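Listed below, chain by chain, are the residues.
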Amino acid sequence: MTDSRSDEVSATLRKVWEEHTDESYRRDQSHWKGQGRWSDEKWEAVGQGTVKRLTRIFGPHRPHPWLRAAPVVLEWGPGGGSNLHALAPHATVLYGVDISQQNLQETERVLRMQHPQVDFHAILLRENPAEVLERVLQPVDIFVSTAVFQHFPSQQYGADVLNVVGRLCAKGCVGLIQIRFDNGNPKYTSKDFAEYERLHITATSYELSAFWDLCRAAGLRPVSIFDINTTNNYAYVAFTKG
Ligand SMILES: C[S@@+](CC[C@H](N)C(=O)[O-])C[C@H]1O[C@@H](n2cnc3c(N)ncnc32)[C@H](O)[C@@H]1O
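Residues numbered from 1 in each chain as written. Predicted model: local features only at pLDDT ≥ 70, side-chain atom pairs only at ≥ 80, totals over all residues. Heavy atoms only, no water.

> Would you take a moment to explain the nonpolar core for this structure?
Membership of the largest hydrophobic core comes to 40 residues, with the highest contact counts inside it found for L74, W76, V132, F143, F149 and F211. Taken together, the elements giving at least two residues each to this core come down to α1 (7–17), β1 (72–76), β2 (93–98), β4 (140–145), α6 (155–168), β5 (169–180), α8 (208–217) and β7 (234–240). Considering every element that reaches this core, the biggest residue donor is α6, with 6 residues. Among residues more than four places away in sequence, those in contact with F211 are F149, L162, I177, I179, Y206 and V237. By size, the runner-up hydrophobic cluster in this structure holds 20 residues, among which are L94, L111, V118 and L176. (Core = buried A, V, L, I, M, F, W, Y, C linked by side-chain atoms within 4.5 Å. Buried < 20%, exposed > 50% of the residue type's maximum accessible area, 1.4 Å probe, protein only. Helix = DSSP H or I, 4+ residues; strand = E, 2+ residues; numbered from the N terminus. Contact = heavy atoms within 4.5 Å.)

Below you can see the structure in the form of structure tokens.
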């Protein structure tokens, strides 16, 4: 089992997400607007999909708590910033946690251009997910992470991230995490970390019931697993905190 605190793990993650020799590939994999597969429309659709899913599960209208006046939003792994861009009109403070400085800079660029009113805090994760605890200054009302947990180096690392999220989220928060689920299909089962550079796209997956239990163990209250897609083994987990 990979230890989320090890220097070696962080160095390998950075090789892929920050220092990849093919910068076009890195930007495409990080979902940058206007790069690779990401036409403006496709890029916008990522964040709009996240808002739609949150709305579907938690309700559409103010004064529902998730759209209250000044929510604090945290995204783990913002990449090219589509989710934060879509959530910015609902928020005053946005946090983005990423292992790539370049991805944080791209998110910041997009937000500064289109939502100058929001207060964006970029948090560069160096080694251990727990570093984030002291960098987030308010309880989090909206947490999102899409297309990121599958890139974690191990299931334990994802559990470590969930524990941090459980500590940062406010009571009554809303959360949405996209995972790859493990149903025995070898393409999507978790891979040995030694293969990370080659297989980072499908590095880690979870049995759905095991992920539900990890959320509970982190002090979160999962409310739904939905949009289960058996073609690419994606599923969405919505949670709150009691
Ligand atoms: C596929 S992109 C997803 C971007 C965005 N969430 C979206 O859905 O468009 C993956 C992002 O996760 C980041 N990432 C990968 N491993 C990470 C880790 N251990 N902690 C934080 N961010 C990570 C990458 O740098 C990249 O920004």
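Having seen it, we continue.
> Honestly, the sheet that holds β4 in this entry has me stumped. Any pointers?
Adjacent strands of a sheet pair through backbone hydrogen bonds, lying either parallel or antiparallel. The strand order across the open sheet built from 7 strands is β3-β2-β1-β4-β5-β7-β6, with neighbouring strands paired in mixed fashion. Looking at strand neighbours, the two that pair on one side only are β3 (119–124) and β6 (221–229), the edges of this open sheet. Strand-to-strand twist in this sheet, taken as the mean axis angle between neighbours without regard to direction, amounts to 15°. Relative to β7, β6 is paired through 6 bridges, and the arrangement is antiparallel. Across the sheet, residue P222 finds its bridge partner in β7, namely F239. Taken strand by strand, helix α3 (residues 40–58) contacts β4, β5, β6 and β7, and its axis lies near 125° from that of β6. Running over the sheet, α6 touches β1, β4, β5 and β7 and is turned about 155° from β5. (Pairing = 2+ DSSP bridges. Axes fitted to C-alpha atoms, helices over the stretch in contact; angles between N-to-C directions.)

> Would you mind going over the pattern of salt bridges with me for this structure?
If the charged atoms of two oppositely charged side chains come close together, the side chains can form a pair. For the structure on display, the rule yields 9 salt bridges. Here E23 and R26 are joined by a salt bridge, their closest N and O atoms 2.8 Å apart. Of the two residues, E23 and R26 both sit in helix α2 (residues 23–29), 3 residues apart, roughly one turn of that helix. Classification of E23 by relative accessible area gives partly exposed; the value is 25%. (Salt bridge = Lys/Arg side-chain N within 4 Å of Asp/Glu carboxyl O.)

> I keep staring at the site of the ligand and nothing clicks. Help me out?
Taken together, 24 residues lie near the ligand, and Q29, H31, G77, D98 and T146 sit nearest. The side chain of E75 places a nitrogen or oxygen atom 3.0 Å from a nitrogen atom of the ligand. Across the complex, the protein chains shield 99% of the 600 Å² of accessible surface that the ligand would expose by itself. Classifying every residue of the shell around the ligand gives 12 nonpolar, 10 polar and 2 charged. (Near = heavy atom within 4 Å. Polar contact = N/O pair within 3.5 Å; in protein donor to acceptor, adjacent residues only side chain to side chain. Areas by Shrake-Rupley, 256 points an atom, 1.4 Å probe, with all protein chains shown as cover. Nonpolar A, V, L, I, M, F, W, Y, C, P; charged D, E, K, R; others polar.)

> What's the story with the side chain of T12 in this structure? I'm lost.
Residue position: T12 is located in helix α1. Apart from the residues lying within four places of it in its own chain, the contact partners of T12 are F193, Y196 and E197.

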